[in-house]
Amino acid sequence: MIGDRHMDAFRDVIQSNLVEYYGVLKRKLEGLTDDELRWQPDPHSNHILWTVWHMSRVEDTWISTLQGRPGIWTAEAWHERLGMTADRHGRGDSLNEVEAAKSLDIAKVMEYYNAVREVTLAHLESMAEKSINREFEPAGWGGRVVTGTWILGHLMAEEAQHLGQVSYIRGMIRGLDG
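Here the structure is a predicted model, which means the values were calculated and not measured.

Reading guide: rules and limits
Residues numbered from 1 in each chain as written. Predicted model: local features only at pLDDT ≥ 70, side-chain atom pairs only at ≥ 80, totals over all residues. Heavy atoms only, no water. Phe/Tyr/Trp six-rings, centres within 6.5 Å; stacked < 30°, edge-to-face > 60°. Helix = DSSP H or I, 4+ residues; strand = E, 2+ residues; numbered from the N terminus. Buried < 20%, exposed > 50% of the residue type's maximum accessible area, 1.4 Å probe, protein only. Lys NZ or Arg CZ within 6 Å of the ring centre and 35° of its normal.

*Asks:* I'd like a description of the packing of aromatic side chains, backed by residues and values.
*Replies:* Counted according to the given criterion, the structure contains six aromatic pairs. When the ring of Trp62 is compared with that of Trp150, the centres are 5.6 Å apart and the planes differ by 75°; the resulting orientation is edge-to-face. Taken together, the positions of Trp62 in helix 3 (residues 48-67) and Trp150 in helix 9 (residues 148-174) put the pair 88 residues apart, joining distant regions of the chain. Relative accessible area serves as the criterion here: at 6%, Trp62 is assigned to the buried category. Each ring, one from Trp78 and one from Tyr112, has its centre 5.5 Å from the other, and the planes form 45°; the classification is tilted. Here Trp78 is found in helix 5 (residues 78-81), whereas its partner Tyr112 is found in helix 7 (residues 106-126), with 34 residues between them in sequence. Taken individually, Trp78 and Tyr112 each receive the classification buried, so the pair is uniform in this respect. Following the ring pairs from residue to residue traces out a cluster consisting of Trp50, Trp53, Trp73, Trp78 and Tyr112. Looking at Arg81, its charged tip hangs above the ring of Trp78, at a distance of 3.9 Å from the centre. Above the ring of Tyr22, the side-chain terminus of Arg117 is found at 4.7 Å from the ring centroid.

Below you can see the structure in the form of structure tokens.
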């Protein structure tokens, strides 16, 4: 458990990671063409655009879980703005759903991601020790109980894994210096 005297350090680590990962993501997206954003190494894999959208949905879902309220995906009708259903988050998407995500507009996806990130950073600033140690039973996780600490650690793992995927796909398209 994280106690009050360690909360500031914990918060700083999470915020530092989020800021670093987001900066790297923006650099990896810089200069990519529409075709490159939608290119799939294999028909059974994700493309960069889908991965970035999924990253934003994951963050929105986990932070809203910590807050005990609906994410901005539905609360601010981002699902409608992006032409998707309210229940979509990417986990378990079919090949057809990944293909359909090619119609997304990267500028709108990043607008949504920026809005999610604002909510995330504001929540982290006000996060108290009691909320980080609280237990949650996330929907779709088969009754598994997790803590706020686990949620934020999982979010860091998701960000790192998916950022690695974006970087790898970009490298496949543009080479090592791409």
